[in-house]
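So the chains spell out like this:
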Amino acid sequence: MLDVLPQADPRAIRSRQDLRRINRVMATHSILCRGIDAATRGRPPRRIVELGAGDGTLLLRLARRRAAKWPGVEATVVDRQDLIASETRQGFATLGWTLRVVACDVFEWVDEADAVPYDLSLANLFLHHFADEALRLLFSGVAARSNAFVACEPRRAATALFGSHLVGLLGCNAVSRNDAVLSVHAGFRDAELTAAWPETHSWQIDEYPAGLFSHCFLATRRGG
Ligand SMILES: C[S@@+](CC[C@H](N)C(=O)[O-])C[C@H]1O[C@@H](n2cnc3c(N)ncnc32)[C@H](O)[C@@H]1O
């Protein structure tokens, strides 16, 4: 529902606030940080892209945690809507990170992304929007433009489904309550994301359940 609401609709604004709360409860930040450490093997990335980045606040939290070790990063956020508030832009600037906002459909980005590969590509609560064929197309584009990819998605499992029915207890609105349940049904388990990755010879792949509700996928280019 959030995807089809106009960005200024009060229900959409509220639902994006809910998403921040849901990410906290899912421990997304820590899960992503662990995945990023594994995928980058301690090498500081200079160029990062987040796909389906929403309001960019998750990436800003990551930037705040990593800026001391990762100076001068060029961060790109791709989302159909430009949802980046001025305080968020300012937050990146204060850390000395450059922020580029690309407001387009991710498949336009796949077609048009510049030739310089990203050291790290990220996605959170994003891949489950796509059916198999679209996911394969997206992964081909990501693999062609990245040295490492880390994704954190809803886990399609009973615990996550149970949790998704309880987001109302966090004060989430009707849009978030609807989307939470649908997102778990559309989520991933086992090696489903690995199966959609274009090739595994030149990539180190890891896919695993994380925390109570999440499912992670890591891909690191061998020798990258
Ligand atoms: C569930 S939200 C997650 C936002 C953010 N990653 C987070 O964790 O808070 C999914 C985001 O994907 C974006 N999105 C959905 N389909 C997209 C597409 N085809 N191209 C670009 N962005 C898309 C939506 O606008 C939305 O901001």
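Residues numbered from 1 in each chain as written. Predicted model: local features only at pLDDT ≥ 70, side-chain atom pairs only at ≥ 80, totals over all residues. Heavy atoms only, no water.

**Things to note about the nonpolar core**
If you look at the biggest cluster of nonpolar residues, it comprises 29 residues, and the most contacted ones within it are Trp109, Leu127, Leu138, Phe149 and Trp197. Taken together, the elements giving at least two residues each to this core come down to strand 1 (47–51), helix 5 (106–112), helix 6 (132–145), strand 5 (148–154), helix 9 (192–196), strand 6 (203–210) and strand 7 (214–221). When sequence neighbours within four positions are dropped, the list of residues in contact with Phe149 reads Ser121, Leu122, Ala123, Leu127, Phe139, Val142, Trp197, Phe217, Leu218 and Ala219. (Core = buried A, V, L, I, M, F, W, Y, C linked by side-chain atoms within 4.5 Å. Buried < 20%, exposed > 50% of the residue type's maximum accessible area, 1.4 Å probe, protein only. Helix = DSSP H or I, 4+ residues; strand = E, 2+ residues; numbered from the N terminus. Contact = heavy atoms within 4.5 Å.)

**Some thoughts on the packing of helix 3 (residues 57–66) against helix 4 (residues 86–94)**
Orientation of helix 3 relative to helix 4, taken along the N-to-C sense of each, is 20°, at an axis distance of 10 Å. With respect to helix 4, the axis of helix 3 lies roughly parallel. Crossing of helix 3 over helix 4 shows left-handed handedness. Residue-level inspection shows Thr57, Leu59, Leu60, Ala63 and Arg64 of helix 3 in contact with helix 4, the latter providing Thr88, Gly91 and Phe92. Grouping the amino acids of the contact of helix 3 with helix 4 by side-chain chemistry returns four nonpolar, three polar and one charged. (Axes fitted to C-alpha atoms, helices over the stretch in contact; angles between N-to-C directions. Parallel < 35°, antiparallel > 145°, perpendicular 65-115°, else oblique. Left-handed = near helix turned anticlockwise from the far one by under 90°. Nonpolar A, V, L, I, M, F, W, Y, C, P; charged D, E, K, R; others polar.)

**Observations concerning the site of the ligand**
Close to the ligand lie 18 residues; Gly52, Asp79, Asp105, Val106 and Asn124 are nearest. Arg16 has a polar side-chain atom sitting 3.2 Å from an oxygen atom of the ligand. Within the side chain of Asp105, one N or O atom sits 3.0 Å away from a nitrogen atom of the ligand. Here the ligand, which alone exposes 590 Å², has 94% of that area covered by the protein. The element best represented in the shell around the ligand is helix 1 (residues 10–25), accounting for three residues. Among the residues forming the shell around the ligand, the class breakdown is seven nonpolar, five polar and six charged. (Near = heavy atom within 4 Å. Polar contact = N/O pair within 3.5 Å; in protein donor to acceptor, adjacent residues only side chain to side chain. Areas by Shrake-Rupley, 256 points an atom, 1.4 Å probe, with all protein chains shown as cover.)

**Remarks on the side chain of Arg47**
Following the sequence through the fold, Arg47 ends up in strand 1. In contact with Arg47, other than residues within four places in its own chain, are Glu74, Asp114, Val116, Pro117, Tyr118, Asp119 and Leu120.

**A look at the pairing of strand 7**
The element strand 7 is largely enclosed, with a buried count of seven among its eight residues. Relative to strand 7, strand 6 runs antiparallel, the two being bridged by eight bridges. Residue pairing for strand 7: Ile205 is matched across the bridge by Ala219. If you look at the hairpin formed by strand 6 and strand 7, you'll find three residues sitting between the two strands, and Gly211 has a positive phi there, around 60°. (Pairing = 2+ DSSP bridges.)

**Looking at the environment of Arg21**
Relative to the assigned elements, Arg21 resides in helix 1. Remark: the alpha-carbon pair of Arg21 and Leu170, spanning 149 residues in sequence, is separated by 7.7 Å. Not counting chain neighbours up to four residues away, the residues in contact with Arg21 comprise Arg14, Leu170, Gly171 and Cys172.

**Details of the pattern of salt bridges**
What the rule picks out here adds up to 11 salt bridges. Between Arg89 and Asp82 there is a salt bridge, with the nearest N and O atoms lying 3.2 Å from each other. For Asp82, a relative accessible area of 34% puts it in the partly exposed group. A salt bridge links Arg189 to Asp190; the nearest nitrogen and oxygen atoms lie 4.0 Å apart. Here the residues in one salt-bridge network are Asp3, Arg80 and Asp105, joined through shared partners. (Salt bridge = Lys/Arg side-chain N within 4 Å of Asp/Glu carboxyl O.)

**Examining the packing of aromatic side chains**
Applying the stated rule across the entire model yields 11 aromatic pairs. Here the aromatic rings of Phe139 and Phe217 are separated by 5.5 Å at their centres, their planes lie at 15°, and the arrangement is stacked. With Phe139 in helix 6 and Phe217 in strand 7, the pair connects residues that are 78 residues apart, well separated along the chain. Phe217 matches Phe139 in its accessibility class, with the two residues each being buried. Look at Trp197 and Trp203: their rings are 5.1 Å apart centre to centre, the planes differ by 85°, and that puts the pair in the edge-to-face class. By the burial criterion, Trp197 is buried, and Trp203 matches it. Chaining the aromatic ring pairs together yields one cluster made of Phe139, Phe149, Trp197, Trp203 and Phe217. Its guanidinium or amino end placed over the ring of Tyr118, Arg47 lies 4.4 Å from that ring's centre, counting from NZ or CZ. The positively charged end of Arg145 is found above the aromatic ring belonging to Trp109, 5.9 Å away from the centroid. (Phe/Tyr/Trp six-rings, centres within 6.5 Å; stacked < 30°, edge-to-face > 60°. Lys NZ or Arg CZ within 6 Å of the ring centre and 35° of its normal.)

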